[in-house]
Amino acid sequence: MSYQALYRKFRPEDFEDVKGQEHIVTTLKNQIKADHIGHAYLFCGTRGTGKTTVAKVFAKAVNCENPSEKGPCGECEMCRSIASGSSMNVVEMDAASNNKVDDIRQVIEEVQYSPPQGKYKVYIIDEVHMLSTSAFNALLKTLEEPPSYLIFILATTEVHKIPLTIMSRCQRYDFKRISVDTIAARLQELLDREGIQAEERALQYIAKLADGALRDGLSLLEQCISFYFGETLTYEKVLNVLGAVDNDVYASFAVKLAQNDVAAMMEMIDGIIAEGKDLTRFCDEFIWYLRNILIVKSTKQPGHIIDMSEENLSILMGIGESMEMEMVFRYIRVLSEVQNQMKYATQKRVLFEVALIKLCRPQMENDYESVVNRLHNIEEQIRRGVVALAAGDGVMQGDSLPSDPAHGANSPGGDGGAKKQLPKAVPEEVKELAANWYQVVNQLSREDKTMLSQATLTVDDKGSLVIAFAQDTCYSYFAGKEERKAALTHAAEQVTGKQVDIEYRFIKDRQEYDSLPELRGMFGDQDIKIEMME
């Protein structure tokens, strides 16, 4: 006999052998036991979860001469003929290649004749969503008033494409993704039958890559044991065959990303490609690793959710402490975007490397997550003794922090003498200041500019300039930080030559915030160009 793929060789022959779909199997067994068998079933779910397999087992069970708790006996004449494919009682049809109305009309003609043997004539239509609209319409009448001996089982991976008129006439069963533990246990069971040794860790990894599809897991397992024929299947061998990367590499890569070490990440990517690893899979699994970091930062007992050893979980928690939640959100967002592009790109490496550079330079974006990322980078620089210059991105090693954020002799009190008393600005002068706001912020540090770009400028009844924030992070950056407030006040006075009262507000209600009049917009876009990039 010619060689059979594992997923065909070990296809379940009865309900007891079906894994991960107990809710469906129990219902179908009870229907057979009570003789309450429907005339139309809709099996929907992702690939490799057992839709066609359960349909075949059910077709045998309803025609079996000696059905049991397991379903079909597998020994009677009907079971043997259906298993061999010679029975006229069970007809399989692939709607992907037989999707025309004429194909369905032929089926309708055939169902007029009762089965020569057995109780039921079962039509299994796979990928039924591929049928044309006219084919669905032709099938509708037969589904509505079928002969007593007829059963339709419609299987699909895209249930949203099935017309509602068809769905309403079927019993719908949703096949769930199969858990990693269930797939791994099934793989171990089949390897025991074959007499092949494998590490539990290796099977767990294959089960994870299967993504809920047992058939995919069997295909990946077959690929691995074919490469290492006659040898014990280890975790390292699985990584080598499937072009995957060890967990330690993802941990190291995450640390380098948090440190904005572009050069080190580029070296790691070069090594991964040199070893023949798939870059798209690396990106996909690194996104999953970042997801695990989110779980660690969001839950008190991440071990109940994350399938990982205690050692690796401890490492994951340590990496999570070095990242802000918003940073991880941003990493996942950017990498998910580039992952979709990599599927169709010829230069996958270039796309991925550009994304990494973008991740390490949050100043390239002005969204909230990027602002938090930039603040985190500044704090890390200060912690390591590297101080960002106010004029731009340049840094100097070993410089001490200046006593005033304005960094110069023009700082308040910078000349060592008493501050000159200025006349107070009137409301019209405050509005003019808002019109020339770019002159104010260009005197400030890059971080101050970023935070102020998220604010709305308005004037209250007292003639004070109100800087309103909708984001607590940006508001907290100024609230309680007198040196930052002093720098902004000084910059405003430099522009107006008048004393300007500035008030900072955090407005949680988004509708209230959006209703504030924005003074910068009253004078045209040409007046509000702020140099965010130096």
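One can find the structure itself at the top, above this paragraph.
Bear in mind the structure is a predicted one, so any value in this text is a computation, not a measurement.

J.: What should I look at first to understand the overall build of the protein chain in this one?
T.: Each helix and strand in the protein chain was counted, giving 24 helices and 10 strands. Of all 534 residues assigned to the protein chain, the portion counted as buried reaches 46%. When the accessible surface of the protein chain is summed, it comes to about 27,100 Å², and 49% of that surface belongs to carbon and sulfur atoms.

J.: Honestly, the sheet that holds strand β8 (residues 455–459) in this entry has me stumped. Any pointers?
T.: In a beta sheet, neighbouring strands pair by backbone hydrogen bonds and run either parallel or antiparallel. As summarised here, the arrangement of the three strands in space is β8-β9-β10, forming an open sheet in which the pairing is mixed. Each edge of the open sheet is held by one strand with a lone partner, namely β8 and β10 (502–506). Strand-to-strand twist of the sheet, defined as the mean angle between neighbouring strand axes without regard to direction, takes the value 25°. Pairing of strand β9 (residues 465–469) with β10, which is carried by five bridges, proceeds in the parallel orientation. Bridge pairing in β10 places Ala468 opposite Arg505. The strands touched by helix α23 (residues 482–496) are β9 and β10; relative to β10, the strand with the most contacts, the crossing angle is about 130°.

J.: Just checking my understanding: could you explain the sheet that holds strand β1 (residues 40–45) for this structure?
T.: A sheet is described by the order of its strands in space; here five strands give the open sequence β2-β3-β4-β1-β5, paired in parallel fashion. Of all strands in the sheet, those with a lone pairing partner are β2 (90–94) and β5 (171–175), marking the two edges. In this sheet, adjacent strand axes meet at a mean angle of 15° when their direction is disregarded. Sheet topology places β1 next to strand β4 (residues 150–156); five bridges connect them, and they run parallel. Of the residues in β4, the one forming a bridge with Leu42 is Leu154. Sitting on the sheet, helix α2 (residues 22–34) is in contact with β1 and β5, with an inclination near 145° to β5.

J.: Would you mind showing me how to read the pairing of β8 here?
T.: Consecutive side chains of a regular strand alternate in pointing toward one face of the sheet and then the other. Most of β8 sits out of view: four of its five residues are buried. Pairing of β8 with β9 involves five bridges; the strand directions are antiparallel. When the bridges of β9 are listed, Thr458 appears paired with Val466. Counting the residues between successive antiparallel strands, the hairpin from β8 to β9 contains five residues, one of them, Gly463, with a positive phi of roughly 85°.

J.: Is there a simple way to explain the pattern of salt bridges in this structure?
T.: Here the idea is simple: oppositely charged side chains can pair when their charged atoms come close. Using the criterion set out here, one finds 22 salt bridges in the structure. Between Glu231 and Lys237 there is a salt bridge; the shortest N-O distance is 2.9 Å. Under the relative-accessibility criterion, Lys237 is labelled buried at 18%. Notably, a salt bridge pairs Arg505 with Asp460, separated by 3.9 Å at the nearest N-O pair. Pair noted here: Arg505 is in strand β10 and Asp460 is in the loop between β8 and β9, with a separation of 45 residues, a long-range link. The partly exposed category is assigned to Arg505, whose relative accessible area is 32%. Connected through shared salt-bridge partners, Asp17, Arg186, Glu189 and Arg193 make up one network.

J.: Looking at this structure, how should I read helix α19 (residues 427–435)?
T.: Spacing of three or four residues puts side chains on the same side of an α-helix, whose turn is 3.6 residues. Three or more residues of α19 are buried, namely Val430, Leu433, Ala434 and Ala435. Contacts made by the buried residues of α19 are with α20 (437–441), β8, β9 and α23.

J.: Mind showing me how you'd approach unusual backbone geometry here?
T.: Negative phi is the rule for most residues except glycine; trans is the rule for most peptide bonds. Phi at Glu127 takes a positive value of approximately 50°, unusual for a residue other than glycine. Mapped onto the fold, Glu127 is located in the loop between β3 (121–126) and α6 (133–144). Within the chain, Asn260 stands out as a residue other than glycine whose phi angle is a positive 60°. Looking at the element boundaries, Asn260 is found in the loop between α12 (247–258) and α13 (262–274). According to the relative accessible area criterion, Asn260 is partly exposed, its value standing at 22%.

J.: Can you help me understand the side chain of Arg186 in this one?
T.: Along the chain, Arg186 falls in helix α8 (residues 180–194). Excluding anything up to four places from it in sequence, Arg186 contacts Phe10, Pro12, Asp17, Lys19, Arg193 and Leu214.

J.: So what exactly am I meant to see when it comes to the environment of Pro423 here?
T.: Residue position: Pro423 is located in the loop between β7 (395–397) and α19. A relative accessible area of 46% places Pro423 in the partly exposed class. Setting aside its immediate chain neighbours within four residues, Pro423 contacts Gly497, Lys498 and Gln499.

J.: Help me understand the nonpolar core, please; the structure alone is not making it clear to me.
T.: Within soluble globular proteins, side chains that are nonpolar generally end up buried alongside one another. Of all hydrophobic cores here, the largest spans 39 residues; its most connected members are Phe253, Phe286, Tyr289, Ile293, Leu335 and Phe352. Mapped onto this core, the elements with two or more residues apiece are α12, α13, α14 (279–298), α15 (310–321), α16 (325–342) and α17 (348–360). For this core, the leading source of residues is α14, giving 11 residues. Each residue touching Tyr289, except ones within four places of it in the same chain, is listed here: Asn247, Tyr250, Ala251, Ala254, Ile315, Leu316 and Ile319.

J.: Got a minute to help me understand the pairing of β2 in this structure?
T.: Where β2 meets β3, five bridges bridge the pair, whose relative direction is parallel. Note that in β3 the partner of Asp94 across the bridge is Asp126. Between the parallel elements β2 and β3, the chain passes through helix α5 (residues 101–110) in a crossover that is right-handed.

J.: Would you explain the packing of α12 against α13 in this entry?
T.: Running from N to C, α12 and α13 cross one another at 155°; their axes reach a closest spacing of 9 Å. Relative to α13, the element α12 lies roughly antiparallel. Remark: the crossing between α12 and α13 carries left-handed chirality. Taken together, the residues of α13 that come into contact with α12 (itself represented by Val249, Ser252, Phe253, Lys256 and Leu257) are Ala264, Met265, Met268, Ile269 and Ile272.

J.: Where do I start with the packing of aromatic side chains in this structure?
T.: Here a ring pair, both rings aromatic, is described through the centre-centre distance and the interplanar angle of the planes. Applying the stated rule across the entire model yields 19 aromatic pairs. Just above the ring of Tyr235 sits the side chain of Arg201; from NZ or CZ to the centre is 3.7 Å. One residue, Arg291, lies across the ring of Trp288, its end atom 4.4 Å from the ring centre.

J.: Would you explain the environment of Val238 in this entry?
T.: Mapped onto the secondary structure, Val238 falls in helix α11 (residues 235–242). What Val238 contacts, discounting residues up to four positions off in sequence, is Ala202, Tyr205, Ile206, Cys224 and Leu233.

Scoring rules and cut-offs
- Residues numbered from 1 in each chain as written.
- Predicted model: local features only at pLDDT ≥ 70, side-chain atom pairs only at ≥ 80, totals over all residues.
- Heavy atoms only, no water.
- Helix = DSSP H or I, 4+ residues; strand = E, 2+ residues; numbered from the N terminus.
- Buried < 20%, exposed > 50% of the residue type's maximum accessible area, 1.4 Å probe, protein only.
- Areas by Shrake-Rupley, 256 points an atom, 1.4 Å probe, with all protein chains shown as cover.
- Pairing = 2+ DSSP bridges.
- Axes fitted to C-alpha atoms, helices over the stretch in contact; angles between N-to-C directions.
- Contact = heavy atoms within 4.5 Å.
- Salt bridge = Lys/Arg side-chain N within 4 Å of Asp/Glu carboxyl O.
- Core = buried A, V, L, I, M, F, W, Y, C linked by side-chain atoms within 4.5 Å.
- Right-handed = clockwise from strand over helix to strand, strands pointing away.
- Parallel < 35°, antiparallel > 145°, perpendicular 65-115°, else oblique.
- Left-handed = near helix turned anticlockwise from the far one by under 90°.
- Phe/Tyr/Trp six-rings, centres within 6.5 Å; stacked < 30°, edge-to-face > 60°.
- Lys NZ or Arg CZ within 6 Å of the ring centre and 35° of its normal.

The quantities given are spatial measurements derived from coordinates; they are silent on function.
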